[in-house]
Amino acid sequence: QLQFVESGGGLVQPGGSLRLACTASGSITDFYAVGWFRQAPGTQRDFVAKITKDDRIYYEDSVKGRFTISRDNAENTVYLQMNNLKPEDTSKYYCNIQKNSIIWTDWWGQGTQVTVSS
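In this text the structure is predicted, and so the values were computed from the model without any measurement.

Draft legend 1. Main features of the overall build of the protein. Tallying secondary structure elements over the protein gives zero helices and ten strands in all. For the protein, the α and β elements follow one another from N to C terminus as β-β-β-β-β-β-β-β-β-β. Taking 2.2 N^0.38 as the reference for a compact globule, 118 residues should give roughly 13 Å; the C-alpha atoms of the protein span a radius of gyration of 13 Å, in line with that estimate. Summarising its shape, the C-alpha atoms of the protein cover approximately 40 × 25 × 25 Å along the three principal directions.

Below is the structure:
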């Protein structure tokens, strides 16, 4: 089992940017994909973006063109560059590992809070 430490969240005005990082306790290259999810209070945890081991990238529709996912395998770290942030992006953001094309693990970290507000 891997542990994840997410960082980089904060308070930002609409239109601003943040770069999130998630560092795993072990290699992320052994898995099908690594990705980001987000969860606002009272809602379910939703998929945001993922990058596969062969560098295919997928985004949830509302973040396409604004968010960019990347990975540093040597550092066991996945990043989420978030630009043109909107109030509806306010959530706690989490990373996770996808074991295959269907199954994500339940190895959740503490997440990092992103608040977009003027």
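Draft legend 2. The arrangement of the sheet that holds strand S7 (residues 67-72) in detail. Strand order in this open sheet of four strands is S1-S3-S8-S7, and the pairing throughout is antiparallel. Two strands close off the open sheet at either side, each with one partner strand: strand S1 (4-7) and S7. Direction aside, the axes of adjacent strands within the sheet are offset by 15° on average.

Draft legend 3. Region of interest: the state of the cysteines. Within this structure, the stated rule accounts for one disulfide. Disulfide pairing places Cys-22 opposite Cys-95 at an S-S distance of 1.7 Å. Taken together, the residues span a long stretch of sequence, with Cys-22 in strand S3 (residues 18-24) and Cys-95 in strand S9 (residues 91-98) at a distance of 73 residues. As far as the burial class goes, Cys-22 and Cys-95 line up, both buried.

Draft legend 4. Up close: the pairing of S7. A one-sided burial pattern is seen for S7, the buried positions being Phe-67, Ile-69 and Arg-71 and the unburied ones Thr-68, Ser-70 and Asp-72. Bridge count between S7 and strand S8 (residues 77-82): six bridges; the pairing is antiparallel. Counted as the bridge partner of Asp-72 is Thr-77 from S8. The turn linking S7 back onto S8 is made up of four residues, and Asn-76 within it adopts a positive phi angle of 50°.

Draft legend 5. Spotlight on the sheet that holds strand S5 (residues 46-52). Overall, mixed pairing links the six strands, which are arranged S2-S10-S9-S4-S5-S6 in an open sheet. The open sheet terminates on both sides in strands that have one partner only, identified here as strand S2 (10-12) and strand S6 (57-59). Strand-to-strand twist of the sheet, defined as the mean angle between neighbouring strand axes without regard to direction, takes the value 20°. When S2 meets strand S10 (residues 112-116), the two strands line up parallel, connected through three bridges. Note on S10: the bridge partner recorded for Val-12 is Val-116.

Draft legend 6. Representation of the side chain of Arg-66 within the structure. In this fold, Arg-66 is placed in the loop between S6 and S7. Residue Arg-66 is classed as buried on the basis of its relative accessible area of 7%. A polar contact of 2.7 Å, which involves the side chain of Arg-66, links it to the side chain of Asp-89. Residues within four places of Arg-66 in sequence aside, it is in contact with Gln-81, Met-82, Asn-83, Asn-84, Leu-85, Lys-86 and Asp-89.

Basis of the calculations
Residues numbered from 1 in each chain as written. Predicted model: local features only at pLDDT ≥ 70, side-chain atom pairs only at ≥ 80, totals over all residues. Heavy atoms only, no water. Helix = DSSP H or I, 4+ residues; strand = E, 2+ residues; numbered from the N terminus. Rg over C-alpha atoms; globule rule 2.2 N^0.38 Å. Pairing = 2+ DSSP bridges. Axes fitted to C-alpha atoms, helices over the stretch in contact; angles between N-to-C directions. Disulfide = S-S within 2.5 Å. Buried < 20%, exposed > 50% of the residue type's maximum accessible area, 1.4 Å probe, protein only. Polar contact = N/O pair within 3.5 Å; in protein donor to acceptor, adjacent residues only side chain to side chain. Contact = heavy atoms within 4.5 Å.

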